[in-house]
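Examination of the molecular architecture
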Amino acid sequence: MKRILFLICLLLVLSACGVEKTLILNKNMDTENISSEVLNAANEHVFTNEGFYYLGSGISVPEVTSDGSLTDKTINLYPLYLDDEFVSYIKENADGEINFMDDAEEVEFKDNSFVIDCEGNVYFIDESGDTVIAGDKTKRLDKKIIEKLVKDSKSDATLGLRKRLVKWDEVVTDFKTGIRYSSNRLVVVFEEGDRDKMVSDFAEFCNGKFKSSIKSIGQYTFEVEPSSYLKLNELAEKAMQLDYVKAAHLDEQKDQNSSSSSSVKDVEK
């Protein structure tokens, strides 16, 4: 009986030794974990540009040596967007240095795909091979390294799941339509009735505050969360579904004078 128990235990130990450990190379980093240094650098990088810039949630990226060995260093990689358009990757190195990769290519994670940093180049790797998404695009990894990483590793990460507003302007020209508008104002015309209650109800609806009015025509302007042309239009369309709202539209601007403001806010897109 003891011999049988010993053999069973031995088999369990041998089985455990034979199990290969899968290494998680990339891990998600939410927008709330972005360092103030990265946020400030992103703001400064696009400060002179007009529009809405968002920093997407990032991933941790391991450093791999030229022979395929993992070091104890990792970098953080964050995507930067103009509205919904990809602009750049921001690379936060282990030593705190921050680099912008404006010539980078946006990648989409699929099964068995991940990102590594090797000798300063950022590689996207999947079963079809490797692609330099930022750095020297003539570089390629040894096929044995790729095979080893694909076999023993995986990624549970996705870039840009959430977005954080890092720079905005009070007056913006929508780059798709050419329309110039106030990014944080919505104009509504109310139906006849208790206007004070309508103002209060609408401020709660749009999560904003009353700014000004032309009472003779029942027109009221509200200050809302700064948003892109598309998002403000969506808010106006939702406002039109309220039974006490007669009309709702953006506050379009005719002049070319704009005042800029920058801030860092969490915004669901």
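Above this text sits the structure in question.
This write-up is about the structure you can find in this document. Just so it is clear, the model here is predicted, and its values are computed rather than measured.

**As for the pattern of salt bridges**
Inspection of the entire model under this criterion finds 10 salt bridges. For Arg195, the salt bridge is made with Glu192, and the minimal N-O distance between the two is 3.6 Å. On the accessibility criterion, Arg195 (17% relative accessible area) is buried. Judged by its relative accessible area of 70%, Glu192 is exposed. The salt bridge partner of Lys231 is Glu234, with a shortest N-O separation of 3.5 Å.

**Observations concerning the side chain of Glu92**
When you line up the elements, Glu92 lands in strand β5 (residues 85-92). Here Glu92 occupies a buried position and makes no salt bridge, while the nearest side chain of opposite charge, Arg164, is found at 12 Å. Here the side chain of Glu92 touches Ser35 through a polar contact of 3.1 Å, side chain to side chain. What Glu92 contacts, discounting residues up to four positions off in sequence, is Ser35, Val38, Ile75, Asn76, Tyr78, Glu97 and Ile98.

**Things to note about the environment of Lys139**
Here Lys139 lies in the loop between β9 (129-134) and α3 (143-152). Separated by 16 residues in sequence, Lys139 and Tyr123 place their C-alpha atoms 9.4 Å apart. Among all residues touching Lys139, those that are not within four sequence positions of it are Asn121, Tyr123, Asp130 and Val132.

**Observations concerning helix α4 (residues 195-206)**
An ideal rise of 1.5 Å per residue puts 16 Å on 12 residues; α4 measures up with 16 Å between its terminal C-alpha atoms. Inspection of α4 places Arg195, Met198, Val199, Phe202, Ala203 and Cys206 among the buried residues, and these make up the whole buried set. Angularly, the buried residues of α4 cover 130° about the axis, an arc narrow enough to put them on a single face. In this structure, α4 carries Asp196 and Glu204 as exposed residues pointing more than 90 degrees from its buried face. Elements in contact with the buried residues of α4: β13 (180-190), β14 (209-214), β15 (219-223), α5 (229-239) and β16 (245-252). For α4, the capping residue at the N-terminal end is Asp194, with a side-chain oxygen 3.3 Å from the backbone nitrogen of Asp196.

**With respect to the nonpolar core**
Generally speaking, nonpolar side chains in soluble globular proteins are found buried as a group. Leu77, Tyr89, Phe190, Phe202 and Phe222 are the most contacted members of the largest nonpolar core, which has 44 residues in total. Aside from chain neighbours lying at most four places away, what touches Phe202 is Leu186, Val188, Phe190, Phe222, Ala239, Leu242, Tyr244 and Val245. Counting residues in each nonpolar core, the second largest holds 13 residues, with Met29, Ile34, Tyr53 and Val166 among its members.

**Let's talk about the pairing of strand β4 (residues 70-82)**
Here strand β2 (residues 53-56) pairs with β4 via 3 bridges, running antiparallel. Counterpart to Tyr54 in the pairing with β4 is Tyr81. Between strand β3 (residues 58-64) and β4, which pair antiparallel one after the other, the connecting turn spans 5 residues, and Gly68 there sits at a positive phi close to 95°. Where β4 meets β5, 7 bridges bridge the pair, whose relative direction is antiparallel. Bridge pairing links Asn76 to Glu92 in β5. Hairpin geometry of β4 and β5 is characterised by an intervening segment of 2 residues between the two adjacent antiparallel strands and by a positive phi of about 55° at Asp83.

**Points about the environment of Ser155**
Locating Ser155 in the fold gives a position in strand β10 (residues 153-155). Separated by 43 residues in sequence, Ser155 and Asn112 place their C-alpha atoms 6.9 Å apart.

**Topic: the pairing of β9**
Every regular strand shows the same layout, with side chains that alternate between the two sheet faces. Counting buried positions along β9 gives 5 out of 6 residues, so the element sits mostly inside the fold. Note: strand β8 (residues 121-126) against β9, 5 bridges, orientation antiparallel. Bridge assignment links Tyr123 to a residue of β9, and that residue is Val132. Connecting β8 to the next strand, β9, in antiparallel fashion are 2 residues.

Conventions used here
- Every residue gets a number counted from 1 within its own chain, in the order that chain's sequence is written.
- Per-residue local features of the predicted model are confined to residues with pLDDT of at least 70, and side-chain atom pairs are confined, for both listing and counting, to 80 or more; whole-chain, interface and lining totals are unaffected and use all residues.
- Side-chain metrics in this entry use all non-hydrogen atoms of the structure; hydrogen atoms and water are not considered.
- Any carboxyl oxygen of Asp or Glu within 4 Å of a side-chain nitrogen of Lys or Arg constitutes a salt bridge here.
- Here's how the labels work: a residue is buried when its accessible area is under 20% of the maximum for its type, exposed when over 50%, partly exposed in between, all with a 1.4 Å probe on protein chains only.
- To qualify as a helix, a DSSP run of H or I must reach at least 4 residues; to qualify as a strand, a run of E must reach at least 2; elements of each kind are numbered from the N terminus.
- Residues counted as positive are Lys and Arg, residues counted as negative are Asp and Glu, and His and the chain ends are not counted.
- The definition of a polar contact used here is a pair of N or O atoms within 3.5 Å, where within protein one atom must be able to donate a hydrogen and the other to accept one, and adjacent residues in sequence count solely through side-chain atom pairs.
- Any two residues whose heavy atoms approach within 4.5 Å are treated as being in contact.
- The span one expects for a helix is its residue count, reduced by one, times 1.5 Å.
- In this description, the arc belongs to the directions extending from the helix axis to the C-beta atoms.
- To qualify as a nonpolar core, a set must consist of buried Ala, Val, Leu, Ile, Met, Phe, Trp, Tyr and Cys residues joined through side-chain atoms within 4.5 Å.
- At least two DSSP bridges between two strands are needed for those strands to be called paired.

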